[in-house]
Amino acid sequence: MACQNPLSTSYRLSCTCKSYHSAVPPSPSPLLSGHTVFSCFRAFSPPSDRRLISSNISLTLKLGHSYPHRTSTAPLSSARIGKLLGPSGNILINRGDIDDILTNQYFFDNHIDSFAFLLSEKIRIIPKEFQKYLYISPLYRLYKGYKHDYQMFIQHITPDSVRESKLIVQPICFQSHWVLIVGKLKEKVWKLYDSLSNPEHKTICTEVIKQIHEDKAGVFPSDITTWKLQTVRGIPTQSNEYDCGIFVCKYMERAILKKKTDWASLKEWQKYMPKFRAELGYALCLTTKIPLFCSAETSKFRAHLLERLSKKDIFDDSVEEIVRICTEILSNFLQTEYGGPGTLLVVPFIDMADTINERGLPGGPQAARAAVLWAQKHIDKDWKDWTGDPNL
């Protein structure tokens, strides 16, 4: 995303070496599901209340959550036209988007939103470390500027969600520079995180806050435009002209922690930005692999279980129905719970036995045992082969 010009039907961003130019579509792309725009005020259940088959939890981020995708698939530049790798949530990820991350290019709105999506997945796995917050995509301001349907980006902000949340998180781009504002609902104050401090940035943040207030009138318990806007001092800052986007991502990650951040210990962030970019690129590459992995693994599982149970007289003529139940449960687990080696839970296999028994079918425990033995032997190994990382 870049600086919006309300007098034009396009937008432009500038970095140290080149400018990209991209047309904004005449109408916004719809959400890929009927759910509201994702926000992190929802309560996530921690994995600690579940039994793990293996002990080491590996954080691999997944698909499947409702989220608006970017305004355009890619700027019209030969440097960025590439293969569509897949969606992260409902955010479209192109090869060029990954290239931008890894080659010190400027971040677009979909890079920022992708990081926010991955962060929500991290929270789902370890919720106790983070505060509940409401995320507003930078596309809100872009769509509003072009008089598109911007309400989709703030429809999750309701009186109930506000009561359940601690923070409002809004990344903002102004004149090709990214900043982050965080509203603290209890303290009634706004915090501005800016890696290149400039009074103009504070002015545009005030305008965005006013827009949110007008569009969500009556939702907040007090007038958010009257809250003080305080620039956070002592935070790490950038020493180049292109890292503002990744700085905003890392600010966001720290700002929502329950534990107070010791910014003084992070003064050397700039030299770690290539590492942070690589981590984001790798995580996004993994998200594009998961749907295909789930499909392939489920097919292998179904074929094995059908062959195995067909040899047992106990299942009579119910083999197909039992295999269908087990396959559906495993498929749902792989798409929504599995995160690589260390996250294979015993819960879905207990569900298989319970569901088979509840439907009056024979051999629930036996079918579940066959399923879990296959899973222990194959799923983690197949994931390592699929991702190409033998060290996972």
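Let us look at the structure shown here. (Residues numbered from 1 in each chain as written. Predicted model: local features only at pLDDT ≥ 70, side-chain atom pairs only at ≥ 80, totals over all residues. Heavy atoms only, no water.)

### Observations regarding the overall build of the protein
Tallying secondary structure elements over the protein gives 10 helices and 10 strands in all. Across the 392 residues of the protein, 55% fall into the buried class. Contacts in the protein between residues far apart in sequence, at least 24 positions, make up 71% of those at least 6 positions apart. As displayed, the protein offers around 17900 Å² of accessible surface, 52% of which is attributable to carbon and sulfur atoms. (Helix = DSSP H or I, 4+ residues; strand = E, 2+ residues; numbered from the N terminus. Buried < 20%, exposed > 50% of the residue type's maximum accessible area, 1.4 Å probe, protein only. Contact = heavy atoms within 4.5 Å. Areas by Shrake-Rupley, 256 points an atom, 1.4 Å probe, with all protein chains shown as cover.)

### A few points about the sheet that holds strand 7 (residues 167-174)
Overall, mixed pairing links the 5 strands, which are arranged 6-7-8-9-10 in an open sheet. Because the sheet does not close on itself, it has two edges, and the strands there are strand 6 (133-135) and strand 10 (228-231). The average undirected angle you get between the axes of adjacent strands in this sheet is 25°. Both strand 6 and strand 7 contribute to a ladder of 3 bridges, which runs parallel. Across the sheet, the residue bridging to Leu 134 is Ile 168, located in strand 7. Each of strand 6, strand 7 and strand 8 (177-184) touches helix 2 (residues 109-125); the most contacted strand, strand 6, lies at about 155° to it. Contacting strand 7, strand 8, strand 9 (189-193) and strand 10, helix 5 (residues 199-215) runs over the sheet at an angle of about 125° to strand 7. (Pairing = 2+ DSSP bridges. Axes fitted to C-alpha atoms, helices over the stretch in contact; angles between N-to-C directions.)

### Thoughts on the pattern of salt bridges
This structure, assessed with the given rule, holds 12 salt bridges. Of the charged contacts, one joins Asp 215 and Lys 144 as a salt bridge, the two residues approaching to 3.0 Å between their closest N and O atoms. Of this pair, Asp 215 sits in helix 5 while Lys 144 sits in helix 3 (residues 139-145), placing them 71 residues apart in sequence. (Salt bridge = Lys/Arg side-chain N within 4 Å of Asp/Glu carboxyl O.)

### A few points about the side chain of Asp 215
Overall, the relative accessible area of 17% leaves Asp 215 in the buried class. Polar contacts involving the side chain of Asp 215 include one to the side chain of Lys 144, which spans 3.0 Å. Setting aside residues up to four positions removed in sequence, Asp 215 forms contacts with Tyr 140, Lys 144, Tyr 150, Gln 151 and Ile 154. (Polar contact = N/O pair within 3.5 Å; in protein donor to acceptor, adjacent residues only side chain to side chain.)

### Digging into the packing of aromatic side chains
Considering all chains together, one arrives at 16 aromatic pairs under this definition. For the pair Trp 263 and Trp 269, a centre-to-centre distance of 5.7 Å together with 85° between the ring planes defines the contact as edge-to-face. Trp 263 gets classed as buried once you look at its relative accessible area, which sits at 13%. Using a relative accessible area of 4% as the deciding quantity, one classes Trp 269 as buried. Their ring planes at 80° and their centres at 6.1 Å tell us that Trp 269 and Phe 276 sit as a pair that is edge-to-face. In terms of burial, Trp 269 and Phe 276 fall into one category: buried. Over the ring of Phe 276 we find Lys 250, and its NZ or CZ is 4.2 Å from the ring centre. (Phe/Tyr/Trp six-rings, centres within 6.5 Å; stacked < 30°, edge-to-face > 60°. Lys NZ or Arg CZ within 6 Å of the ring centre and 35° of its normal.)

### Some points on helix 5
For helix 5, spanning 17 residues, the distance from its first C-alpha to its last is 25 Å, which sits close to the expected 24 Å at 1.5 Å a residue. Along helix 5, the residues classified as buried are His 201, Ile 204, Cys 205, Val 208, Ile 209, Ile 212 and Asp 215. The arc that holds the buried residues of helix 5, viewed along the axis, is 150°, so those residues lie on one side. Residues of helix 5 that are buried sit in contact with helix 3, strand 7, strand 8, strand 9 and strand 10. Its side-chain oxygen 2.8 Å from the backbone nitrogen of Glu 200, Asn 198 forms the N-cap of helix 5. (Expected span 1.5 Å × (residues − 1). Arc of directions from axis to C-beta.)

### Structural notes on the pairing of strand 7
Counting buried positions over the 8 residues of strand 7 gives 8, a clear majority of the element. What you see with strand 7 is no split at all: Leu 167, Val 169, Pro 171 and Cys 173 on one side and Ile 168, Gln 170, Ile 172 and Phe 174 on the other are buried throughout. As defined by bridge partners, strand 7 adjoins strand 8 across 8 bridges and the pair is classed as antiparallel. From the neighbouring strand, Pro 171 faces strand 8, where its bridge partner is Leu 180.

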